[in-house]
Each structure stands twice: as C-alpha cells, then as structure tokens.
Amino acid sequence: ALAPKLKEYIRQKGIADKVFFHVSDEPYPRILRHYRKASSIIKANFGEFKIMDALSHYKFYELGIVQYPIVNNYHVSEFLGKVEEPWTYYCCGQTVKVSNRFFSMPSQRNRVLGCQLYKFDIKGFLHWGYNFWYTRLSKRRVDPFKETDAGKEFASGDSFIVYPGQDGKPLISLRLKVFYDAFQDMMALQLLESLIGREKTIELLEQGIDTPITFTEYPHSDVWQLQMRER
C-alpha cells in the first residue's frame, strides 16, 4: 500500500534520480536466503530506482542479488573492474591502514581519501554518522562535546561529524573541513584529467613515491599531501 504512494510522491517532487533504496546493511553468507527474499520484495516495488547496499561479500553481487554494492575500503579492491558503478564507504570497522576520520587519526589520513577516490574512479562515497548523538542502538542520548564514542561502542568521532549548535544549526568539525578538502583534491584531479588526460594526471599524482597509491598503501605525509595539491 505504501510503495505506490511513495513512488508517486517521489515523481511529483522530481527527485527520482536522487533517491536510493536499500535492503539491509552488510548481508553475510549465512543469511543469503533471507536476504534474497527481502531483496525480491524491494525490487518488485521499487525496481525502477537504484537499490544499493553496503556489502563486503562478493558473492551477493556475483549472484546478481545486489545490483549496486557499496564496499568498505578494506574490500573494495576485490570489486574494482567488475562493478558497473563502484562505490565505497568506511565506518567504525575500518581502523587499520585505510583512510578514515576518527579523532585518533591524523588529518592527512582523512584527506588522502580524495586521491584514492579519483585514482580508482569511485562514483559514490557513503559514511554513516553525521549527527548520531546517541549510544549504540539509540538507547541513550549523549553530549558529543563530552562523550565522543557512543557509550564506548565506537571509535571517537565515528558516529558524528558535526556538533549541535544554537537554533538547531550544526557546528562544523575540523574533521569535516578536512574531508571537504579531500573532495576538493578529487575534483582538482578530475579537472586536470580533462586538460592533460588520465594517465598523465595519475603520473603527476604519484610523482616521487615508490609504491602506487591503493586503498591500503599511500603516503602518510602532510608535506606530500600539500605538495601533491600544489603540483
């Protein structure tokens, strides 16, 4: 009963190209049968829209159950070159080697994401935790100025990127400003590619480093990050 009304509303608002549906976060092999059943219901009702899920297990994509996988940056390399529209994400689980933006991480580890998204032509990025000022499962509200880890459940800063300001307006964090810089880097690289081509742009991006940039291997230097942008 809800689906036809919701689709009508989406069309009236003219936002069909901006709407995504999803079934369940990070399905794993043990629930494949249940997930397939739930997915078939969503596809039957909303098949005209993009249906995407956070996903680490390639089998779900291989079987055609998930059309648009959003793969965490630990596992995304397995999907590259095989997925029509690659997306990636990180959250509380991505703590070793890969980019993320916890309190405990240097800003360069936050910002390098833009270079990675450009190099691997990632079409979309997902991160949960814009203003989740609660403990895990929303059992209790927290003051994010004093309690930053969702009741000791997540790494500090994982669950929010803004703070509550006056009159309901968000206060921007340093981490969000650096994250913005990451996307500015990405778009600068895209612009450069339109001028000199992709191959030369990647050569310039990786100039002076011994190991090509991947999602787990990249320079860990503020100086490199700033010099790369200057180039």
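Residues numbered from 1 in each chain as written. Predicted model: local features only at pLDDT ≥ 70, side-chain atom pairs only at ≥ 80, totals over all residues. Heavy atoms only, no water.

(A) Summary view of the overall build of the chain. On a plain count of helices and strands, the chain comes out with eight helices and seven strands. Expressed as lengths along the three principal axes of its C-alpha atoms, the size of the chain is roughly 60 × 45 × 40 Å. For the chain, buried positions account for 43% of its 231 residues. Of the contacts made within the chain by residues no fewer than 6 positions apart, 57% connect residues no fewer than 24 positions apart. Summed over all atoms, the accessible surface of the chain reaches about 13400 Å², with 54% contributed by carbon and sulfur. For the chain, the distance from the average site of its 32 positive side-chain charges to the average site of its 27 negative ones is 7 Å. (Helix = DSSP H or I, 4+ residues; strand = E, 2+ residues; numbered from the N terminus. Buried < 20%, exposed > 50% of the residue type's maximum accessible area, 1.4 Å probe, protein only. Contact = heavy atoms within 4.5 Å. Areas by Shrake-Rupley, 256 points an atom, 1.4 Å probe, with all protein chains shown as cover. Lys, Arg positive; Asp, Glu negative; His and termini not counted. Charge placed at Lys NZ, Arg CZ, Asp CG, Glu CD.)

(B) Highlighting a nonpolar patch on the surface. Together, Leu191, Leu195 and Ile196 make up a nonpolar patch on the protein surface, roughly 310 Å² of accessible area in all. Tracing the chain through its elements places Ile196 in helix H6 (residues 174-196). (Patch = residues over 30% accessible without salt bridge, like charges linked within 9 Å, V, L, I, M, F, W, Y side chains within 5 Å. Salt bridge = Lys/Arg side-chain N within 4 Å of Asp/Glu carboxyl O.)

(C) Geometry of the packing of H6 against helix H8 (residues 222-230). At a closest axis distance of 11 Å, the pairing of H6 and H8 adopts a crossing angle of 35°. Considering the relative orientation of H6 and H8, their crossing is left-handed. Across the interface between the two elements, Gln184, Asp185 and Ala188 of H6 pack against Gln225, Met228 and Arg229 of H8. By residue class, the composition of the contact of H6 with H8 is two nonpolar, two polar and two charged. (Axes fitted to C-alpha atoms, helices over the stretch in contact; angles between N-to-C directions. Left-handed = near helix turned anticlockwise from the far one by under 90°. Nonpolar A, V, L, I, M, F, W, Y, C, P; charged D, E, K, R; others polar.)

(D) Quick peek at the pairing of strand E3 (residues 68-72). The element E3 is extensively covered by neighbouring structure, given that five of its five residues are classed as buried. Residues of E3 alternate between two faces, with Tyr68, Ile70 and Asn72 on one and Pro69 and Val71 on the opposite face, all of them buried. As paired strands, E3 and strand E4 (residues 87-89) are joined by three bridges and run parallel to one another. Along E4, the bridge assignment pairs Val71 with Thr88. (Pairing = 2+ DSSP bridges.)

(E) Fine view of the packing of aromatic side chains. Under the definition given, this model contains 16 aromatic pairs. Ring plane angle 55° and centroid distance 5.9 Å describe the contact between Tyr58 and Tyr61, whose orientation is recorded as tilted. Here Tyr58 pairs with Tyr61, and both are found in helix H3 (residues 58-62), just three residues apart, close to one helical turn. Under the relative-accessibility criterion, Tyr61 is labelled buried at 17%. Measuring from centroid to centroid gives 5.5 Å for Trp128 and Phe154, while their planes differ by 75°, and the two rings are edge-to-face. Of the two residues, Trp128 is situated in the loop between strand E5 (124-126) and strand E6 (162-164) and Phe154 in the loop between E5 and E6; the sequence distance between them amounts to 26 residues. A relative accessible area of 15% means that Phe154 is categorised as buried. The ring of Tyr68 has Lys50 sitting right over it, with the charged end atom 5.1 Å from the ring centre. (Phe/Tyr/Trp six-rings, centres within 6.5 Å; stacked < 30°, edge-to-face > 60°. Lys NZ or Arg CZ within 6 Å of the ring centre and 35° of its normal.)

(F) Region of the structure containing the side chain of Gln225. Secondary-structure assignment places Gln225 in helix H8. One polar contact links Gln225 to Asp185, side chain to side chain, over a distance of 3.3 Å. Each residue touching Gln225, except ones within four places of it in the same chain, is listed here: Gln108, Arg111, Val112, Cys115 and Asp185. (Polar contact = N/O pair within 3.5 Å; in protein donor to acceptor, adjacent residues only side chain to side chain.)

(G) Quick look at the pairing of strand E2 (residues 50-54). Taken across its five residues, E2 has four buried, putting it largely inside the fold. Pairing analysis gives two bridges linking strand E1 (residues 20-21) to E2, with the strands arranged parallel. What sits directly across from Phe21, in E2, is Ile51. Viewed along the sheet, the connection from E1 through helix H2 (residues 32-46) into E2 turns out right-handed. Pairing geometry for E2 and E3, over three bridges, is parallel. Looking at E3, one finds that Ala54 is bridged to Ile70. (Right-handed = clockwise from strand over helix to strand, strands pointing away.)

(H) Up close: helix H7 (residues 198-205). Those residues of H7 lying buried are Thr201, Ile202 and Leu205. For H7, the angular spread of buried residues about the axis comes to 95°, placing them on one side. Turned more than 90 degrees away from the buried face of H7 sit Glu199 and Lys200, all of them exposed. (Arc of directions from axis to C-beta.)

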